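A look at the structure
One letter stands for each residue in the lines below.
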Amino acid sequence: MNGQWALLAARGFGRMFAGTWIEGDDHEEIARLLRADPAQGVSCGLDEAMREYEPYAFREVVWLGAHAPGWTQAITIAGPRLRTDLLAGRRYVQVVWDALGLGVHDLYYSDGVTADRLSPRHIAGPWPFREYTDGLLPHGPGLIDVSGTGPAQATGSLGLWLENWLVLAGRLSGRLMEEEYFQTGRRLYALPL
């Protein structure tokens, strides 16, 4: 296993990952949009943030900070995926992996005017971020489109679709994730439910 998902899975996101790439450099403003108190954010690295990792929790915690010039990333550490309706007027993409659910969710996105979702099967069709999809395919030869019984695995079509979404988010924001990326400190915020 290699690529963007391999980096995330190696850090413990196998059960659930919800990452939101948000246009904007003002991290405190984005924290406020998400209803967090910027003064209550705790500076930490991902390893420390993952001590709070609790998918499906009845609390909401995000690790938020700089991703690339002009972009912020918020990774859900505990609770459900971020509410994207709070980001009205900004460009964003949100990638969700849920091993106990569908596996790969549709991509949640906004071009700054219209918010929508896109099925991984329609990545090559017309939509606002189509220009970032060169070389990303909705299907691969011989890949199975469904998961077997038990938790979903990021293999076959599910693995292809998940990697497609993560690569697309990196292309749109101008930065793919790499080892150094996870060593950078960001702030951990508890969001009100």
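For the structure given in this document, a descriptive report is provided here.

Calculation rules
- Counting restarts for each chain: residues are numbered from 1 in the order of the written sequence.
- At least 70 in pLDDT is required for a residue's local features to be given in this predicted model, at least 80 for side-chain atom pairs to be given and counted, and no such filter applies to totals for whole chains, interfaces and linings, which use all residues.
- As a convention, hydrogens and water are excluded, and side-chain values are obtained from all of the structure's heavy atoms.
- Starting at the N terminus, helices and strands are each numbered in turn, a helix being any DSSP run of H or I of at least four residues and a strand any DSSP run of E of at least two.
- Working rule for helices: expected span equals 1.5 Å times residues minus one.
- Remark: exposure states derive from per-residue accessible area (1.4 Å probe, protein chains only) relative to the maximum for the residue type, with buried under 20%, exposed over 50%, and partly exposed in between.
- Strands are treated as partners if at least two bridges between them are detected by DSSP.
- Salt bridges, as used here, are contacts in which a Lys or Arg side-chain nitrogen is within 4 Å of a carboxyl oxygen on Asp or Glu.

As for helix α4 (residues 156-173)
For α4, built from 18 residues, the straight-helix expectation of 26 Å at 1.5 Å per residue is met to within 8% by its first-to-last C-alpha distance of 26 Å. Of all 18 residues in α4, 15 are buried; the element is thus mostly enclosed.

A word on the pairing of strand β9 (residues 115-118)
The side chains of a regular strand alternate, residue by residue, between the two faces of the sheet. Inspection of the sheet shows strand β8 (residues 107-111) paired to β9 by four bridges, in the antiparallel sense. Each bridged residue has a counterpart across the sheet, and for Y109 the counterpart in β9 is D116. Where β8 folds back onto β9 in an antiparallel hairpin, the turn is made up of three residues, including G112, whose phi is positive at roughly 100 degrees.

Digging into the pattern of salt bridges
In this structure the tally under the stated criterion is nine salt bridges. Taking the shortest distance from any N to any O, the salt bridge between E179 and R11 comes out at 2.5 Å. Of the two residues, E179 is situated in helix α5 (residues 179-183) and R11 in the loop between α1 (4-9) and β1 (16-23); the sequence distance between them amounts to 168 residues. Residue classification places E179 among the partly exposed positions, given a relative accessible area of 45%. The exposure class assigned to R11 is buried, which follows from its relative accessible area of 16%. Put simply, E54 and R59 hold a salt bridge, and the shortest N to O gap is 3.0 Å. Looking at R59, the relative accessible area reads 28%, which means it is partly exposed. Salt bridges here are not isolated pairs; linked through shared partners, they connect E52, E54 and R59.

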